[in-house]
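Notes for the structure review
Read off the chains here:
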Amino acid sequence: MTKNQDRNLIVGLDIGTAKVAAIIGEVMPDGEISIVGLGNHPSRGMDKGGVNDLDSIVRSVQRALDQAELMADCQVSSVYLSISGKHIACQNERGMVSINDEEVTQEDVDNVIHTARSVKIPTERRILHVLPQEYAIDVQEGIRSPIGMSGMRMEAKAHIVTCANDMAKNITKSVERCGLKVDDLVFSGIASAEAVLTNDEKDLGVCLVDVGGGTTDIAVYSNGALRHCAVVPVAGNQVTSDIAKIFRTPLSHAEQIKVQYASARSAMVSREDSIEVPSVGGRPSRTMSRHTLAEVVEPRYQELFELVLKELRANRLEDQVAAGIVLTGGTASIEGAVDVAEAVFGMPVRVASPLPVKGLYEYVDQPIYSTGVGLLHYGARRVIERQFERPQRQGVTSVWNRVQSWFKGEF
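Residues numbered from 1 in each chain as written. Predicted model: local features only at pLDDT ≥ 70, side-chain atom pairs only at ≥ 80, totals over all residues. Heavy atoms only, no water.

**Overview of the overall build of the chain**
Applicable threshold: Helix numbering and strand numbering both begin at the N terminus, where a helix is a DSSP run of H or I of at least 4 residues and a strand a DSSP run of E of at least 2. We take the radius of gyration over the C-alpha atoms and set the globule estimate at 2.2 Å times the residue count to the 0.38 power. Residue burial is assigned from relative accessible area. The probe radius is 1.4 Å, only protein chains are included, and a residue is buried under 20% of its type maximum, exposed over 50%, and partly exposed in between.
The secondary structure content of the chain amounts to 10 helices and 19 strands. Relative to its length of 411 residues, the chain is compact, with a C-alpha radius of gyration of 24 Å against a globular reference of 22 Å. Seen along its three principal axes, the alpha-carbon backbone of the chain occupies a region of about 95 × 50 × 40 Å. Taken across its 411 residues, the chain has 51% of its residues classed as buried.

**A closer look at the pairing of strand β15 (residues 274–277)**
Applicable threshold: Pairing between strands is defined by DSSP: at least two bridges between them are needed.
Residue alternation in β15 divides its side chains into a buried set, Ile275 and Val277, and an unburied set, Ser274 and Glu276. For β15 and strand β16 (residues 286–289), the ladder comprises 4 bridges, and the chain directions are antiparallel. Among the inter-strand pairings, valine 277 is bridged to a residue of β16, identified as arginine 286.

**Here's the deal with the packing of helix α8 (residues 290–314) against helix α9 (residues 337–345)**
Put simply, the rule reads: As a rule, the C-alpha atoms of each element are fitted with a line to give its axis, helices using only the stretch in contact, and angles between N-to-C directions run from 0 to 180 degrees. For classification purposes, angles smaller than 35 degrees are called roughly parallel, those larger than 145 roughly antiparallel, those between 65 and 115 roughly perpendicular, and all remaining angles oblique. Handedness of a crossing is defined here by the sense of rotation of the near helix relative to the far one, left-handed for an anticlockwise turn of less than a right angle and right-handed for a clockwise turn. Whether two residues are in contact is decided by their heavy atoms: any pair within 4.5 Å suffices. Under the grouping applied here, Gly and all other residues not named as nonpolar or charged are polar, the nonpolar ones being Ala, Val, Leu, Ile, Met, Phe, Trp, Tyr, Cys and Pro and the charged ones Asp, Glu, Lys and Arg.
α9 packs onto α8 with a crossing angle of 40° between their chain directions and a minimal axis gap of 9 Å. As summarised for this structure, α8 and α9 are arranged oblique, according to the angle between their axes. Crossing geometry of α8 relative to α9 is assigned as right-handed. On the side of α8, the interface is formed by Tyr301, Gln302, Phe305, Glu306, Val308, Leu309 and Leu312, while α9 contributes Ala337, Val340, Ala341, Val344 and Phe345. Counted by class, the contact of α8 with α9 contains 10 nonpolar, 1 polar and 1 charged residues.

**Quick word on the UniProt feature "domain: SHS2" (unreviewed entry) in the chain**
Worth spelling out the cut-off: UniProt positions are given in the numbering used here, feature names are shortened, and annotations may be inferred rather than shown by experiment.
In this numbering, the UniProt entry assigns the feature "domain: SHS2" (unreviewed entry) to residues 10–196. Overall, residues 10–196 shows 27% helix and 43% strand. The separation of its end C-alpha atoms is 19 Å.

**Quick word on the packing of aromatic side chains**
Our working rule: A pair of aromatic rings is counted whenever rings of Phe, Tyr or Trp (Trp by its six-membered ring) have centres within 6.5 Å, and the orientation is called stacked for planes under 30 degrees apart, edge-to-face for over 60 and tilted otherwise. Definition used: whenever NZ (Lys) or CZ (Arg) falls within 6 Å of the ring centre and also within 35 degrees of the ring normal, the charge is taken to sit over that ring.
In the structure shown here, the tally under the stated rule is 3 aromatic pairs. Considering the side-chain rings of tyrosine 80 and tyrosine 378, the 6.3 Å spacing of their centres and the 70° angle between planes classify their relative orientation as edge-to-face. Placement of the pair is tyrosine 80 in strand β6 (residues 78–83) and tyrosine 378 in helix α10 (residues 370–407), with a sequence separation of 298 residues. Assessed through its relative accessible area of 3%, tyrosine 80 is described here as buried. With a centroid separation of 5.9 Å and an interplanar angle of 55°, the aromatic rings of phenylalanine 305 and phenylalanine 345 are classed as tilted. Residue phenylalanine 305 is located in helix α8, and its partner phenylalanine 345 is located in helix α9; the two are separated by 40 residues in the primary sequence. The ring of tyrosine 221 is capped by lysine 202, whose NZ or CZ atom sits 5.0 Å from the centre of that ring.

**Considerations on the sheet that holds strand β9 (residues 140–143)**
Pairing is antiparallel in the open sheet, where 4 strands are placed in the order β7-β10-β8-β9. Of all strands in the sheet, those bounded by a partner on one side alone are β7 (89–98) and β9. Sheet twist, expressed as the mean angle between neighbouring strand axes with direction ignored, is 35°. Bridging between strand β8 (residues 125–137) and strand β10 (residues 153–164) involves 11 bridges; their strand directions are antiparallel. Each bridged residue has a counterpart across the sheet, and for arginine 125 the counterpart in β10 is alanine 164. Packed on one face of the sheet, helix α2 (residues 106–116) meets β7, β8 and β10 and runs near 130° to β7.

**Brief notes about unusual backbone geometry**
A positive phi angle is found at asparagine 223, which is not glycine, with a value near 50°. By the secondary structure assignment, asparagine 223 is in the loop between β13 (216–222) and β14 (225–232). Classification of asparagine 223 as partly exposed rests on a relative accessible area of 47%.

**Regarding a negative patch on the surface**
Heads up, the rule is: Only residues whose relative accessible area exceeds 30% and that take part in no salt bridge are eligible for patches, with like-charged residues grouped when within 9 Å of each other and nonpolar side chains (Val, Leu, Ile, Met, Phe, Trp, Tyr) grouped when within 5 Å. Computed with a 1.4 Å probe, the accessible areas rest on the Shrake-Rupley method; for each residue, only the protein chains presented here act as cover. A pair is scored as a salt bridge if a Lys or Arg side-chain nitrogen falls within 4 Å of a carboxyl oxygen belonging to Asp or Glu. In this tally, Lys and Arg are treated as positive and Asp and Glu as negative; His is ignored, and so are the chain termini. All charge positions are set by atom: Lys at NZ, Arg at CZ, Asp at CG, Glu at CD.
On the surface, a cluster of negative charge is contributed by Asp101, Glu102, Glu103, Glu107 and Asp110. Tracing the backbone shows aspartate 101 in the loop between β7 and α2.

**Observations concerning the environment of valine 20**
With respect to the helices and strands, valine 20 occurs in strand β2 (residues 19–27). Overall, valine 20 belongs to the buried group, its relative accessible area being 0%. Taking the C-alpha atoms as reference, valine 20 lies 8.7 Å from isoleucine 57; in sequence the two are 37 residues apart. Setting aside anything within four residues of it in sequence, one finds valine 20 in contact with Leu13, Asp14, Ile15, Gly39, Asn40, His41, Ser43, Ile57, Ser60, Val61 and Ala64.

**Considerations on the packing of helix α6 (residues 236–247) against α8**
Here α6 crosses α8 at 145°, and the two axes come no closer than 10 Å. Once α6 is placed against α8, the crossing between them reads as right-handed. Together, Gln238, Val239, Asp242, Ile243, Ile246 and Phe247 of α6 and Thr292, Leu293, Val296, Val297, Arg300 and Tyr301 of α8 make up the contact between the two elements. Taken together, the residues of the contact of α6 with α8 break down into 8 nonpolar, 2 polar and 2 charged.

Below is the structure:
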């Protein structure tokens, strides 16, 4: 990224089915994130997390980036990019190594994670994330940070997230055609979790449900680690389509009606309330009951939450989410969503926006920006890790130079 030398900027690019959001953040000296730029443009060319019109999505991405660059007064050259879709899959794996010096070092941790990720992956798939869950040293289990501990043998449990290689290539290509480099590809459910979940929720057990336009991302945490993730190909666009068909109105107007007037729980809407519904083909607008609209929307939300519950039960995770369900994403903001979700899940539910950050936080304080802000958190952690590793690499180089000098008789 072209920028002033004293600014450590990163970009989160969330390419969704409904919108493209580009958020520019500055990593402060204390590691905090400060929002300095935001661009948002309707998405054209995406369907359920996959690219179906490359040229259209390139134009949408470019316009969102142009807005963000103008606000932040910088030029973007690389981004952290989100990915979703029903092709996302996960698996839990184990790795085991001997501890070299009877005390665990970072090298031992890297080796045991590498062993865990060595599971055979089909050629048509790509590993997105390998996330440690916990470690065991000899007979002691449930260790979160093993560095410095003593033992003879270390085992690690890791959560591996994979995606379809072709889907990853296509969404990456849409960014590269804008002249940009992809710093990292991140599952959008993990990114959203970075932005909205608290450490207490992750420790106690929580299920994040990110309801977007084309897909619903699921991420389950317990004991501070990711345990499961999945994508349900049902989301806000299905609600919009139902409204358009039943009310016989164009999709663009159906989306506006959903955002302005829809409720996910019909019992919350008076039968006396009415709305103007535009017609197709130049026909005059009609007056329709808002209660009827809610009766159209409620079954779709109930179906969506039942699919999420089915996913939890299929993986025996329902009893591990004591902190309940956290909804985020644009489609989660609808009136009555929490009531329907609590009735389906039988546990506490809240709708979450990104947790507070510095800078222009008021611009991103909406559930629709959870993934974009989460990408900044993900990228900031990578920046800090690189800064921490640089002195170590320099130290290794210095020792190697001294060894070379010794062999040359210059020591």
